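# Inside the fold
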Amino acid sequence: MTIKDKLAAQKIYLFLAALFITSLVVSNLIFKKFFYWHPFEVEIFGTKLFEISVGILPYPITFLITDLISEIYGKKRANQVVIAGIFASLFSLLIVFVSNAVPATSWSPVKDDMFSTVFGNTSIAVFASMIAYLLAQFVDIQIYHFWKRLTKGKHLWLRNNFSTWLSQFVDTLTILLLLCSFDIIAWERFRGLLVAGFLFKVLVAALDTPFLYLGVYLFRKRFNLKVNEEIELI
């Protein structure tokens, strides 16, 4: 690759990292709102499919991006993005903590109690999310590269879905265990939210497979990459 191509690949990597970090931080901030989507009249353990946190909406994007980075830039670069995501989560937690501590003015549109209601438990949420995130991303990247080595870069759909399904289960299980332990969510909702959250993420993972194929195709075409070839950044 020429220096010009490597610089272009570097810029794309930075944009992917920015999208990844934004998705992760936003999911930590908006998790307290729950929404419903009832495509099926099915109820599991008292929870309808699907009644889930809006924090789930941007979260699958992070797994799509790490899979794309793993495929094109390699395991080391994927792990670097994960570490950057941890730093961003901690930094956002510090900002929210300070913002919650300072008193609101008498004319502030958002009062202290309103701010605390929305962001008061954010520290616990971020902690829970980070633990789940670390475990899930570690599982995702390790399994992804295991299947990549085993298939010699072929069968992209296999490593994409298998790595994401298991990692998403680890993520959903871990974060619900922590949130229920801190009494943010009642234990009686644990099983229903676990099944609903996992099935929703599996559905999203299956739907994002074509986008991963498209991304990999565009990268290989733009940088003239062979199957299983990775870009080495400057």
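These numbers were taken from a predicted model, which means no experiment stands behind them.

Thresholds, definitions, all that
- Residues numbered from 1 in each chain as written.
- Predicted model: local features only at pLDDT ≥ 70, side-chain atom pairs only at ≥ 80, totals over all residues.
- Heavy atoms only, no water.
- Helix = DSSP H or I, 4+ residues; strand = E, 2+ residues; numbered from the N terminus.
- Rg over C-alpha atoms; globule rule 2.2 N^0.38 Å.
- Buried < 20%, exposed > 50% of the residue type's maximum accessible area, 1.4 Å probe, protein only.
- Lys, Arg positive; Asp, Glu negative; His and termini not counted.
- Charge placed at Lys NZ, Arg CZ, Asp CG, Glu CD.
- Contact = heavy atoms within 4.5 Å.
- Salt bridge = Lys/Arg side-chain N within 4 Å of Asp/Glu carboxyl O.
- Axes fitted to C-alpha atoms, helices over the stretch in contact; angles between N-to-C directions.
- Parallel < 35°, antiparallel > 145°, perpendicular 65-115°, else oblique.
- Left-handed = near helix turned anticlockwise from the far one by under 90°.
- Nonpolar A, V, L, I, M, F, W, Y, C, P; charged D, E, K, R; others polar.
- Phe/Tyr/Trp six-rings, centres within 6.5 Å; stacked < 30°, edge-to-face > 60°.
- Lys NZ or Arg CZ within 6 Å of the ring centre and 35° of its normal.

## Some words on the overall build of the protein
- Looking only at helices and strands, the protein has seven helices and four strands in total.
- Mapped in sequence order, the helices and strands of the protein form the string α-β-β-β-β-α-α-α-α-α-α.
- The C-alpha radius of gyration of the protein comes to 19 Å, within 12% of the 17 Å expected for a compact globule of 234 residues.
- Out of the 234 residues in the protein, the part that is buried amounts to 44%.
- Here the protein contributes 22 positive and 16 negative side-chain charges, whose respective centroids are spaced 11 Å apart.

## Section: the environment of Leu134
- Structurally, Leu134 is set in helix α5 (residues 122-151).
- You can call Leu134 partly exposed: its relative accessible area is 36%.

## Overview of the environment of Leu193
- With respect to the helices and strands, the residue Leu193 is situated in helix α7 (residues 190-223).
- Owing to a relative accessible area of 9%, Leu193 belongs among the buried residues under this scheme.
- Residues Leu193 and Gly46, spaced 147 residues apart in sequence, show a C-alpha to C-alpha distance of 9.1 Å.
- Among all residues touching Leu193, those that are not within four sequence positions of it are Phe34, Thr47, Glu51, Thr172, Leu176 and Ile185.

## Things to note about the pattern of salt bridges
- Considering all chains together, one arrives at four salt bridges under this definition.
- Glu71 is the salt-bridge partner of Arg220, the closest N and O atoms lying 3.0 Å from each other. You can see Arg220 sitting in helix α7 and its partner Glu71 sitting in helix α2 (residues 59-72), a full 149 residues away along the chain.
- Given a relative accessible area of 1%, Glu71 falls into the buried group.
- By sharing partners, the salt bridges in this structure join Glu71, Arg159 and Arg220 into a single network.

## Here's the deal with the packing of helix α3 (residues 75-101) against helix α4 (residues 112-119)
- In the contact formed by α3 and α4, the axes pass within 10 Å of each other and the chain directions differ by 155°. The angle between α3 and α4 places the two elements in the roughly antiparallel class. Two packed elements cross with a definite hand, and for α3 against α4 that hand is left-handed. Between α3, through Val96, Ser99 and Asn100, and α4, the contact on the second element is made entirely by Phe115, Ser116 and Phe119.
- Grouping the amino acids of the contact of α3 with α4 by side-chain chemistry returns three nonpolar, three polar and no charged.

## Some details on the packing of aromatic side chains
- With the rule as written, the count across this model stands at 10 aromatic pairs.
- Consider the rings of Trp37 and Phe200, whose centres lie 6.3 Å apart with planes at 80°: the pair is edge-to-face. Of the two residues, Trp37 is situated in the loop between β1 (34-36) and β2 (43-44) and Phe200 in helix α7; the sequence distance between them amounts to 163 residues.
- Plain terms: the ring middles of Trp147 and Phe162 are 5.6 Å apart, the flat faces sit at 80° to each other, and that makes the pair edge-to-face. Placement of the pair is Trp147 in helix α5 and Phe162 in helix α6 (residues 156-181), with a sequence separation of 15 residues.
- Site record: aromatic cluster; members linked through ring pairs are Tyr13, Tyr73, Phe219 and Phe223.
- Here the basic side chain of Arg77 rests over the ring of Tyr13, its NZ or CZ set 5.8 Å away from the ring centre.
- If you follow Arg222 out to its NZ or CZ, it ends over the ring of Phe223, 4.7 Å from the centre.

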